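Now for the letters of each chain:
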Amino acid sequence: MLEFISQPWHWSISGLMIALVMFLLIYFGQRFGVSSSFRAICAVGGAGKFIDYFKYDWKSHDWLFLFVIGAVIGGYLGISVFGSPDPVQLSAATVQDLGALDIQVPQTKAEGLGFIPHDIMNFQNLGTLSGFILMVVGGFFIGFGTRYAGGCTSGHAITGLSNLQLPSLVAVIGFFIGGLLTTFVLLPLILSL
Amino acid sequence: MRLLKFLIVGILFGIVMTKSEAVSWFRIQEMFRFQSFHMYGIIGVAVVAGVIMHYLIKSGQLKNLNGDVIQFADKPKTYTASIIGGTCFGLGWAMTGACPGPLYTLVGHGYWIILVVIASALLGAVVYGALRSKLPH
């Protein structure tokens, strides 16, 4: 059983499991939307004293904190108990494209799991302009953008689309405009800095 | 007990994010380069299953665990916010290779550098909150 779960999951299984997570949250009286946690964390941190947006009943989101803590624990279990035998197996075309940008894709577990690019995402690199942009500016865009759009991949792309919400479709189009712009225009520029 | 079930669903979510490889910066690059069906398959199956689920819940008047009939709130029709905010998120998604769920999951993998990305995301949320009344929605 453990061996069965520990192999990399087929995308159809992963998709069904995400739908199951969404169903459980709805059945428990809540909804599936991870980026709401940013607002809740800021509100707990006292941002509501200065900014009205954070002056809301965050205690009604107490369940979201537990969900987020669970996601961290689940991440730990996902590699320690259910870890795949090999790093992420990417398409050859992606390995080649990233290689052209001097980003090595791990081929063995000793080189990495293939979850984060260790060459560019590390503490030393925070001091460089390219590292700062990719990690700090990139993170800033995630928080700013998801709160502006009112949702992220879970809230818009999965929950919103499956409830046939037009604003969610518009948001997902935005996700791709931004993602394609970074991938094909900004990333090569940033890495050349 | 009221909150414990959310911890358990969160653990399931973290395992799913890890095993699906949706946490992978490389998978996100592969997706935006249209070089694999993997991420599209995951999101596509989740959405199709979700459409069926929403239909069944609505047509069956299904009740939640608290005994209330499940109702779905429509997303606010703020299309300008959707497109501009969505584009900003997309820029960050492709830079960091992670959306909010995977960010938390990656911390569980022991990648402490991700805490810097999360702190930056919280700062972004604060700045949105501060500028909210001035931004077009």
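Residues numbered from 1 in each chain as written. Chains lettered and ligands numbered in written order. Predicted model: local features only at pLDDT ≥ 70, side-chain atom pairs only at ≥ 80, totals over all residues. Heavy atoms only, no water.

Hey, could you run me through the interface of chain B and chain A in this one?
For interface size, the figure often reported is the accessible area lost on association. Between chain B and chain A, the contact holds 107 residues from the first and 126 residues from the second. Buried area between chain B and chain A, summed over both chains or domains, comes out near 10300 Å², and the portion from carbon and sulfur atoms is 78%. Of all residues in chain B, the largest losses of buried area upon contact with chain A belong to K19(B), F26(B) and Y104(B), amounting jointly to 9% of the total for that side. Applying the counting criterion to the chain B and chain A interface returns two salt bridges. At the junction of chain B and chain A, the tally comes to 29 residue pairs in polar contact (both at pLDDT 80 or more). In the side of chain B that touches chain A, the residues fall into 66 nonpolar, 28 polar and 13 charged. (Contact = heavy atoms within 4.5 Å. Buried area = accessible area lost by both parts, 1.4 Å probe. Salt bridge = Lys/Arg side-chain N within 4 Å of Asp/Glu carboxyl O. Polar contact = N/O pair within 3.5 Å; in protein donor to acceptor, adjacent residues only side chain to side chain. Nonpolar A, V, L, I, M, F, W, Y, C, P; charged D, E, K, R; others polar.)

I would appreciate a short explanation of the pattern of salt bridges in the present structure.
Pairs can form between side chains of opposite charge once their charged atoms are near each other. As enumerated under the stated definition, the model contains five salt bridges over all chains in all. For D97(A), the salt bridge goes to R33(B), with nearest N and O atoms at 3.6 Å. Here the residue D97(A) occupies a position in helix 5 (residues 92-100), and R33(B) occupies one in the loop between helix 2 (25-32) and helix 3 (38-60), the pair thus bridging two chains. By relative accessible area, R33(B) is classed as buried at 11%. Here the residues in one salt-bridge network are E21(B), R27(B) and E30(B), joined through shared partners. (Helix = DSSP H or I, 4+ residues; strand = E, 2+ residues; numbered from the N terminus. Buried < 20%, exposed > 50% of the residue type's maximum accessible area, 1.4 Å probe, protein only.)

Which parts of the structure should I look at to understand empty space enclosed by the protein?
One way to see where empty space is left: roll a probe the size of a water molecule over the atoms. Scanning the model with the defined rule gives one cavity of 30 Å³ or more in all. One number sums up the size of the largest cavity: a volume of about 170 Å³. Lining the largest cavity we find 19 residues, and of these T153(A), I158(A), M17(B), C99(B) and P102(B) sit closest to its centre. Residue classes in the lining of the largest cavity are distributed as 16 nonpolar, three polar and no charged. The two domains that each donate at least three residues to the lining of the largest cavity are domain 1 (1-90) and domain 2 (116-193) of chain A. (1 Å grid on protein atoms, 1.4 Å probe; cavity = no way out; pocket = protein on both sides within 12 Å on 5 of 7 lines; lining within 4 Å. Points joined across faces, edges and corners; volume = space filled by probe spheres on them. Domains from an automatic or database assignment.)

Would you take a moment to explain the domain arrangement of chain A for this structure?
All names here are of chain A. On domain assignment, one finds that chain A holds domain 1 (1-90) and domain 2 (116-193). Computed from C-alpha atoms alone, the centre-to-centre distance between domain 1 and domain 2 is 18 Å. Counting residues at the interface gives 10 residues for domain 1, matched by 11 residues for domain 2. Overall, the association of domain 1 and domain 2 removes approximately 790 Å² of surface from exposure, summing both partners, and the carbon and sulfur fraction of that is 64%. Summed over the three residues of domain 1 that lose the most area to domain 2, namely M22, F32 and S35, the buried surface amounts to 50% of that side. Along the contact surface separating domain 1 from domain 2 lie zero salt bridges.

I keep staring at the environment of E21(B) and nothing clicks. Help me out?
Turning to its location among the elements, E21(B) is positioned in the loop between helix 1 (4-19) and helix 2. Judged by relative accessible area, E21(B) falls into the buried class, the value being 5%. Once you skip the residues sitting within four places of it in the chain, E21(B) turns out to touch P8(A), V88(A), R27(B) and H38(B).

Just to check I follow, could you spell out the packing of aromatic side chains for this structure?
Two numbers describe a pair of aromatic rings. These are the distance of the centres and the angle of the planes. Counted according to the given criterion, the structure contains 22 aromatic pairs over all chains. Aromatic pair F144(A) and Y128(B): ring centres 6.2 Å apart, planes at 80°, arrangement edge-to-face. Note that F144(A) is positioned in helix 6 (residues 129-149) and Y128(B) in helix 6 (residues 113-131), a pairing that runs across two chains. Side by side, F144(A) and Y128(B) carry an identical accessibility label, which is buried. Ring geometry for F175(A) and F89(B): centres 4.8 Å apart, planes at 85°, overall edge-to-face. Placement of the pair is F175(A) in helix 8 (residues 166-191) and F89(B) in helix 4 (residues 79-96), with the two residues belonging to separate chains. Each member of the pair, F175(A) together with F89(B), is buried. Looking at K5(B), its charged tip hangs above the ring of F28(A), at a distance of 5.6 Å from the centre. (Phe/Tyr/Trp six-rings, centres within 6.5 Å; stacked < 30°, edge-to-face > 60°. Lys NZ or Arg CZ within 6 Å of the ring centre and 35° of its normal.)

It is not clear to me how a nonpolar patch on the surface should be interpreted in this structure. Could you clarify?
Taken together, the side chains of L166(A), L169(A), I173(A) and I177(A) present a nonpolar region at the surface, about 340 Å² in accessible area. In this structure, I173(A) sits in helix 8. (Patch = residues over 30% accessible without salt bridge, like charges linked within 9 Å, V, L, I, M, F, W, Y side chains within 5 Å. Areas by Shrake-Rupley, 256 points an atom, 1.4 Å probe, with all protein chains shown as cover.)

What should I look at first to understand the environment of L98(A) in this one?
Among the secondary structure elements, L98(A) is positioned in helix 5. You can call L98(A) buried: its relative accessible area is 0%. Sequence-wise, L98(A) and P188(A) are 90 residues apart; in three dimensions their C-alpha atoms are separated by 9.9 Å. Other than its neighbours up to four places away in sequence, L98(A) contacts I103(A), V105(A), W25(B), F26(B), Q29(B) and R33(B).

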